[in-house]
Amino acid sequence: PVECMFSFLCSSNNNIPRITQMLTKLRERYGKQLVTLPARHAEEPDTVQNIPLYSFPTLETLCTEATEQELRELGLGYR
């Protein structure tokens, strides 16, 4: 799928946390919110926060809405 291709492209000269961060930003900016899930805070177990989950954007969405500058601002791109 498209998400695998983008993950592979982002993997060049990057570590796993950076790849995850880039893909998360891409989903949050151009994807659609699917659901919001409650999750306990790691450092404060009594605190519950809502975490939204997003779909991976379609190629059509990326082609029509994403500009090179926006993608660079999200941390995508090489150097």
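Structure first, text after, so check above.
Bear in mind that the values here come from a model prediction, so they are computed numbers and not experimental data. (Residues numbered from 1 in each chain as written. Predicted model: local features only at pLDDT ≥ 70, side-chain atom pairs only at ≥ 80, totals over all residues. Heavy atoms only, no water.)

Helix length check: helix α2 (residues 16-30) (15 residues) gives 21 Å between terminal C-alpha atoms against 21 Å at 1.5 Å per residue, within 8%. In this structure, the buried residues of α2 make contact with α1 (2-11), β2 (48-54), α3 (59-65) and α4 (68-73). The N-capping residue of α2, defined by a side-chain oxygen 2.9 Å from the backbone nitrogen of R18, is N15. (Helix = DSSP H or I, 4+ residues; strand = E, 2+ residues; numbered from the N terminus. Expected span 1.5 Å × (residues − 1). Contact = heavy atoms within 4.5 Å. Polar contact = N/O pair within 3.5 Å; in protein donor to acceptor, adjacent residues only side chain to side chain.)

Looking now at the nonpolar core. Counting 12 residues, the largest nonpolar core is built from F6, C10, I19, M22, L23, L26, Y30, F56, L62, A66, L74 and L76. Elements supplying a minimum of two residues to this core: α1 and α2. Ranked by the residues each element gives to this core, the list is headed by α2, at five residues. (Core = buried A, V, L, I, M, F, W, Y, C linked by side-chain atoms within 4.5 Å. Buried < 20%, exposed > 50% of the residue type's maximum accessible area, 1.4 Å probe, protein only.)

The next point concerns the pattern of salt bridges. Summed over all chains, the structure comprises three salt bridges. One salt bridge connects R27 with E3, and the closest N-O pair in it is separated by 3.5 Å. Placement of the pair is R27 in helix α2 and E3 in helix α1, with a sequence separation of 24 residues. A relative accessible area of 33% places E3 in the partly exposed class. (Salt bridge = Lys/Arg side-chain N within 4 Å of Asp/Glu carboxyl O.)

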